[in-house]
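The residues making up each chain are set out below.
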Amino acid sequence: MEFEKKYLNVVSYITIALTLAGFQVFILKNFYPETLDISQIQGSEYNPMNMDWFFDYQTFFFFLNIPISAFIAKISFFRQKKFNYVEHLVIMAYVVGQFTITSTLLIILSSALGLNFYLIGNLLNILLIIYTTITYKKLFAINMKETMIGTLLFFLILTITFIAGSVLWAFYLYQSGAFENLN
């Protein structure tokens, strides 16, 4: 008797992940707002408006993360020709979806215990890196050396992309006059 593996399609999986992420934001903002205190990381006085913009655009950042990560992964593992860019999109969608589902549950639990959202989120990002690395290692069936080279290359490209994006954002803010309003 042969068993057929059943998978939830990627759109349904992402929809579940986004729904849970929205539920997480609702729970944190309404029941555990003290866990959103960013001053533990920033060192400044807590102002809940500091990060409200992020929660308002959470879905946008979620979807932006997938094609950027897939593109960087495609470049980072350039020696591996097994998957094209669209397949990398699907891989990253599942990885980000799985991470979102898992981290949502862990963040709600940790918030109920009084732990800071941002500190837990940063710890969970380390797990995302490990999970993504293991996923690509298994998908490409490569050794640890090739996996680490690809992962380090991923971080290098991601860092360059982040710096370039930050410079472009700062330039936009400068051109729009947003810096003139700072006192």
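Calculation criteria
- Residues numbered from 1 in each chain as written.
- Predicted model: local features only at pLDDT ≥ 70, side-chain atom pairs only at ≥ 80, totals over all residues.
- Heavy atoms only, no water.
- Axes fitted to C-alpha atoms, helices over the stretch in contact; angles between N-to-C directions.
- Helix = DSSP H or I, 4+ residues; strand = E, 2+ residues; numbered from the N terminus.
- Parallel < 35°, antiparallel > 145°, perpendicular 65-115°, else oblique.
- Left-handed = near helix turned anticlockwise from the far one by under 90°.
- Contact = heavy atoms within 4.5 Å.
- Nonpolar A, V, L, I, M, F, W, Y, C, P; charged D, E, K, R; others polar.
- Phe/Tyr/Trp six-rings, centres within 6.5 Å; stacked < 30°, edge-to-face > 60°.
- Buried < 20%, exposed > 50% of the residue type's maximum accessible area, 1.4 Å probe, protein only.
- Expected span 1.5 Å × (residues − 1).
- Polar contact = N/O pair within 3.5 Å; in protein donor to acceptor, adjacent residues only side chain to side chain.
- Patch = residues over 30% accessible without salt bridge, like charges linked within 9 Å, V, L, I, M, F, W, Y side chains within 5 Å.
- Areas by Shrake-Rupley, 256 points an atom, 1.4 Å probe, with all protein chains shown as cover.
- Salt bridge = Lys/Arg side-chain N within 4 Å of Asp/Glu carboxyl O.

Caption draft 1: Region of interest: the packing of helix α6 (residues 117–140) against helix α7 (residues 144–176). Taken N-terminus to C-terminus, the directions of α6 and α7 make an angle of 130 degrees; their axes are 10 Å apart at the nearest point. Comparing their axes, α7 and α6 come out oblique. Every pair of crossing elements has a handedness; the one defined by α6 and α7 is right-handed. Contact residues: I129, T133 and K137 in α6; M144, T147, T151 and F155 in α7. Residues belonging to the contact of α6 with α7 are distributed by class as follows: 3 nonpolar, 3 polar and 1 charged.

Caption draft 2: How the structure looks around the packing of aromatic side chains. Throughout the structure, instances matching the rule amount to 12 aromatic pairs. Considering the side-chain rings of F77 and Y136, the 5.2 Å spacing of their centres and the 5 degrees angle between planes classify their relative orientation as stacked. A residue pair is termed long-range when its members are at least 10 positions apart, and F77 in the loop between α4 (58–76) and α5 (85–112) and Y136 in helix α6 qualify at 59 residues. Its relative accessible area of 2% is what places Y136 among the buried residues. Cluster of aromatic residues (ring-pair linked, three or more members): F77, F83, Y136 and F140.

Caption draft 3: Up close: helix α1 (residues 10–31). With 22 residues, α1 should reach 32 Å at 1.5 Å per residue; the first-to-last C-alpha distance of 31 Å fits that figure. Those residues of α1 that fall on the buried side of the exposure criterion are Y13, I14, A17, L18, A21, Q24, V25, I27 and L28. Residues of α1 that are buried in the fold lie against α3 (52–56), α4, α5 and α6. Measuring from the backbone nitrogen of V11 back to the side-chain oxygen at the start of α1 gives 3.1 Å, which picks out N9 as the cap.

Caption draft 4: The arrangement of the side chain of T132 in detail. Position of T132 among the secondary structure elements: in helix α6. T132 sits in the buried class, given a relative accessible area of 15%. One polar contact links the side chain of T132 to the main-chain carbonyl oxygen of L128, over a distance of 2.8 Å. Excluding residues that lie within four positions of it along the chain, T132 makes contacts with M92 and V95.

Caption draft 5: Geometry of α7. With 33 residues, α7 should reach 48 Å at 1.5 Å per residue; the first-to-last C-alpha distance of 47 Å fits that figure. Those residues of α7 that sit buried are T147, G150, T151, F154 and I157. The opening residue of α7 is N143, an N-cap whose side-chain oxygen sits 3.2 Å from the backbone nitrogen of K145. Phi for G177, located one or two positions after α7, is positive at around 85 degrees.

Caption draft 6: Seen up close, unusual backbone geometry. Phi angles above zero are rare outside glycine, and A141 is one such case at about 50 degrees. With respect to the helices and strands, the residue A141 is situated in the loop between α6 and α7. What makes A141 exposed here is its relative accessible area of 66%.

Caption draft 7: Highlighting a nonpolar patch on the surface. On the surface, W53, Y57, F60, L64 and I68 cluster together into a nonpolar patch covering about 520 Å² of accessible area. Counting residues per element, the nonpolar patch draws most heavily on α4, which supplies 3 residues. Position of F60 among the secondary structure elements: in helix α4.

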